[in-house]
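Secondary and tertiary structure notes
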Amino acid sequence: MKTLKLISAGLVLAALAGCMKTQDETSGYIGPQKVEIAPGSTMTPEVMLSLGRLGDPQLSPDGSKILFGVSYQSIAENRSCRNLYLCNPDGSGRVQLTRYAKSVSCARWSPDGKFIYFVQGGQIWKAPVSGNKLGRKVKISDIPNGVSEFAISPDGAQIMFISTIRSAVETPADKGLDKAQAYATEDLMYRHWDHWVTEIPRTYVAALSDGITLDKSYDLLCTDELFELPTEPFGGIEQLSWAPDSRHIAYSCRKLTGKRYAFSTDTEIYVHDILSGNTVQIPMHGGYDTDPVWSPDGKHIAWISMERDGYEADQQRLMVCDVDLSTPEEPVISNIRRLASGFDQDCAGIVWDGPDAIYFNSLVREAVQSIFRITLDGAEPLRVTPGDWWYDFNSPFAILDGRLLTSYSSLNFPNELVAVELGEDGTATGFERITHENDAIFGQLTDPVSESWQIPTVDGKSMQAWVTFPPHFDPTKTYPAITIVLGGPQGSNSQDWSYRWCYRLMAEQGYIVIRPNRRGTTAFGQEWKEEISGDYIGLNMQDYLAAAKTLKAKPYVGKMACCGASYGGYSAYYLMGIHGDVFDCFVAHAGIFDEAELWFTTEEMWFPNFDNGGLQIAEFADDLTMGKNIGKTGENAWGGIAQAGAPYSSAPKAVRHYTHSPKDAIQNWHTPILCIHGGMDFRIPYTQGMAAFNAAQMMGVPSKLVVFPEETHWVLQPQNALYWHDTYFDWLDRWCK
């Protein structure tokens, strides 16, 4: 009996320990919420924020399971949490793998399918997977600065991971003053989009073991130079690619610092041999070269390339080269060529289909994102998903049994997994939804209806616009309307779902929403895209007015608002001075009010240097401390840098640009405006929003200023997002209903 009691006590202690661990792991867990919507009611911001956000699908090595993540938000706790799920390729057998209170990201299968690796709390973990169950997780890394993402080599023996190193920006902690806070610099790019650049990303390679540390890893760049790998601010592990031989890595890197970095977009593709340490460059010497992907046989690399250095919206060309690894320490690059040379849209999302064909996606003239397939023999691309499928399809994450496994979204629902059926000619014959993360909520709502309109422009062209109507729209009634002025400025209004600019949510509040694809949008060819650079105040503004007037002329439209963010915020501020009486109120989020001030306070200098009227590739003298002119004309260069897009430039388009900033027409302002900005927005600093609000107040214009001190160019915290939406719709209702 005593033995039995001891055993029982041991079992109890073990059970208690297990319960405490489970409670620790799951305490604060955020998962799907039960949302009940009264019959006849519409979506609210609270309902939208309760939706599950699905992403990062990964097919298991044997093709039997799809691993993916879903995050949910808690307004009360003001945070989100992401956990892992599994389903069969047809969507059946869906199970939740994890119920952690801390988010899980970058989940990947081991090559043999026996383990799942993931990032949690800034470190790499692994857990065995058997059927639909995940075993006990084990932390396998101890990296002081943490890990953001990783990629496992095809043979499963090695791993590359992204961490950070100290930058050149000095802080008091460097001098032992741990309670002081300051940032000191003697060069540019000391902050970027949403953070002070005290650290920069760096990629390391290590053996895949249970003890990954920095002293057992090596820096892939093999240099003390402060180059980023991957490139900030949006680059991730997709900028590096393991070769099938698990010995070579292709990566994209801008090997520049300081002022050269700030004025240049010249990232190049490199091939690195991890055994010899040798690196070979694919010689492009232009703008962005990104997203390298090896072919399955290791004989080719495909990537996305922009031709002009300094022009971040140049055409995204699909490039490929041959790679000879017969002498592995000295890879030989040859036959660099562009695929789809006659294709006039941007390419993205490279996925190899065997050794001789590639799938990619592109925003095209129907204002939808479609999947294409191209072979290496020089043929033109085959459009897989047709233009009358009004969805945005991403590139496939897997090709299985004659189907493309991918994800898609629309104006009516966020990202879901979908299987695209292929016919004998390779084009899509149908599709079937795999996941249904938010059907329980959307099943209680009536979908808004959207239409694609063609609108005449002032110069005799035709412009596409999406128009979304409220649920149960009745053309005999009168509705308020919203004209969306797009950010970018190079971007597109497609079937994209957004949690900030949620057009379904706007329609569900009773508004008709028009989204014109004005000059500068990317889906309608390079010529249409480039008509905005150096002409911010020109035809694209007339495009907006043409769209607004076309919609407002309809008998079912009453008052109208104009709303936008970033360049859309600039557009709102500028239209305030020229619209006459087209709009009844404005909303500008993170907008540009004073272009000259922005030149001196933003960070990515290549963008205004080109787009503000410079229209030139990046050029530098050998010595940037010199004040001599450089460049083809010998003009508009200072400090050894060509700066034709500067407010002190004499380039005609730059002079026009800066003499017609939104601030220069405030005497014409007479329409109520809401100005919103994030205090941590370093792309367009919040003083721009303050200046616009102050100007409106001084002109006697009804106006409101909202500053989120902890938010950036975006509003990400759930309670801030709810306050943003409440304020947005209160303002619209006040002036348009």
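Structure: see above.
An account of the accompanying structure is given in this report. (Residues numbered from 1 in each chain as written. Predicted model: local features only at pLDDT ≥ 70, side-chain atom pairs only at ≥ 80, totals over all residues. Heavy atoms only, no water.)

1. Overview of helix 13 (residues 718–736)
An α-helical turn contains 3.6 residues, so a residue and the one three or four places further along point in the same direction. Which entries qualify depends on this criterion: The numbering of helices and of strands both runs from the N terminus, where a helix is a DSSP run of H or I of at least 4 residues and a strand a run of E of at least 2. The length a helix should cover is 1.5 Å for every residue beyond the first. Exposure categories follow from relative accessible area, calculated using a 1.4 Å probe and restricted to protein chains: below 20% of the type maximum is buried, above 50% is exposed, and the middle band is partly exposed.
Compared with the 27 Å implied by 1.5 Å per residue over 19 residues, the 27 Å span of helix 13 between its first and last C-alpha is a close match. Of all the residues in helix 13, the buried ones are P718, A721, L722, W724, H725, T727, Y728, F729, W731, L732 and C736.

2. Observations regarding the pattern of salt bridges
Stated precisely, the cut-off is as follows: For this analysis, a salt bridge means a side-chain nitrogen from Lys or Arg found within 4 Å of a carboxyl oxygen belonging to Asp or Glu.
Tallied over the full model, the rule gives 34 salt bridges. Taken together, the salt bridges that share partners define one network made up of D459, K461, R519, E531 and D543.

3. Here's the deal with the sheet that holds strand 37 (residues 557–565)
Note the threshold: By this definition, two strands are paired if DSSP reports at least two bridges between them. Each axis is a line fitted through C-alpha atoms, taken for helices only over the stretch in contact, and angles between the N-to-C directions span 0 to 180 degrees. Throughout, a residue-residue contact means that at least one pair of heavy atoms, one from each residue, lies within 4.5 Å.
The sheet built from eight strands is open, its strands ordered 33-34-36-35-37-38-41-42 with mixed pairing. Here the strands that pair on one side only, and so sit at the sheet edges, are strand 33 (449–456) and strand 42 (703–708). Sheet twist, expressed as the average angle between the axes of neighbouring strands with direction ignored, equals 20 degrees. Direction of pairing for strand 33 relative to strand 34 (residues 462–469): antiparallel, over a ladder of eight bridges. Bridge pairing links E451 to V467 in strand 34. Where helix 8 (residues 567–576) meets the sheet, it contacts strand 35 (479–485), strand 37, strand 38 (585–589) and strand 41 (673–678), and its direction lies at approximately 145 degrees from that of strand 38. Helix 12 (residues 687–698) contacts strand 41 and strand 42 of the sheet and is inclined by roughly 160 degrees relative to strand 42.

4. Section: the environment of G525
Examined against the element boundaries, G525 turns out to sit in the loop between strand 36 (512–516) and helix 6 (526–530). Sequence separation of G525 and Q315 is 210 residues, and the distance between their C-alpha atoms is 8.9 Å. If we ignore the near neighbours within four places in the chain, the residues touching G525 are D344, Q345 and R365.

5. Quick notes on the sheet that holds strand 10 (residues 150–152)
Ordered by their spatial adjacency, four strands build an open sheet running 10-11-14-15, and the pairing between neighbours is antiparallel. Strand pairing shows two members of the sheet lacking a second neighbour, strand 10 and strand 15 (217–219), which therefore form its edges. Neighbour-to-neighbour, the strand axes of the sheet open up by a mean angle of 30 degrees, direction not taken into account. Where strand 11 (residues 158–166) lies against strand 14 (residues 199–207), nine bridges are found, and the strand directions are antiparallel. For I165, the partnering residue across the bridge sits in strand 14 and is I200.

6. As for the layout of surface pockets
Operational definition: Grid points spaced at 1 Å over the protein atoms alone were grouped into cavities, where a 1.4 Å probe fits but cannot get out, and pockets, open sets with protein on both sides within 12 Å along at least five of seven lines, with lining residues defined by an atom within 4 Å of a point. Grid points are joined across faces, edges and corners, and a volume is the space filled by probe spheres set on the points. Under the scheme applied here, ten amino acids are nonpolar (Ala, Val, Leu, Ile, Met, Phe, Trp, Tyr, Cys and Pro), four are charged (Asp, Glu, Lys and Arg), and all others, including Gly, are polar.
Within this model, the second largest pocket holds a volume of roughly 1,900 Å³. As for the second largest pocket, its lining consists of 44 residues, and the residues nearest its centre are P57, Q58, R108, V293 and F397. Elements with a minimum of two residues in the lining of the second largest pocket: strand 1 (53–59), strand 5 (105–109), strand 10, strand 16 (240–242), strand 20 (289–294) and strand 24 (348–352). Of the residues forming the lining of the second largest pocket, the biggest block, five residues, is contributed by strand 24. Looking at the lining of the second largest pocket, its residues break down into 28 nonpolar, 11 polar and five charged.

7. Re the packing of aromatic side chains
To keep things clear, this is the line we draw: Centres within 6.5 Å make a pair out of two Phe, Tyr or Trp rings, where for Trp the six-membered ring is used; the pair is then stacked when the planes are under 30 degrees apart, edge-to-face when over 60, and tilted otherwise. Charge-over-ring contacts are defined here by two conditions on Lys NZ or Arg CZ: a distance within 6 Å of the ring centre and an angle within 35 degrees of the ring normal.
For the structure shown, the criterion picks out 51 aromatic pairs. Taking 4.8 Å as the distance between ring centres and 70 degrees as the angle between the ring planes, the aromatic pair formed by W389 and F431 counts as edge-to-face. Within this pair, whereas W389 is found in the loop between strand 27 (382–383) and strand 28 (392–393), its partner F431 is found in strand 32 (residues 428–433), the two being separated by 42 residues in sequence. The buried category is assigned to W389, whose relative accessible area is 14%. Plain terms: the ring middles of Y391 and F413 are 6.0 Å apart, the flat faces sit at 45 degrees to each other, and that makes the pair tilted. Remark: F413 occurs in strand 31 (residues 413–422) and Y391 occurs in the loop between strand 27 and strand 28; sequence separation between them is 22 residues. On the basis of relative accessible area, Y391 is assigned to the partly exposed category, the value being 23%. Cluster of aromatic residues (ring-pair linked, three or more members): W389, Y391, F393, Y408, F413 and F431. Taking NZ or CZ as reference, K126 lies 4.6 Å from the ring centre of F115, over its face. Looking at R191, its charged tip hangs above the ring of W196, at a distance of 5.2 Å from the centre.

8. Here we look at the side chain of H300
To keep it simple, the criterion reads: In protein, a polar contact requires one atom able to donate a hydrogen and another able to accept it; more generally it is a pair of N or O atoms within 3.5 Å, and residues adjacent in sequence count only if both atoms are side-chain atoms.
Relative to the helices and strands, H300 is located in strand 21 (residues 300–305). A polar side-chain atom of H300 sits 2.9 Å from a polar atom in the side chain of D322. Once you skip the residues sitting within four places of it in the chain, H300 turns out to touch V293, W294, S295, V320, C321, D322, V323, R337, W352, P355 and L376.

9. Section: unusual backbone geometry
A cis geometry characterises the amide bond from L229 onward to P230, with omega recorded as 5 degrees. On the secondary structure map, P230 appears in the loop between strand 15 and strand 16. Following E232, the chain continues into P233 via a peptide bond in cis, with omega recorded as 0 degrees. Although it is not a glycine, H285 adopts a positive phi angle of roughly 55 degrees. Of note, H285 is situated in the loop between strand 19 (279–282) and strand 20.

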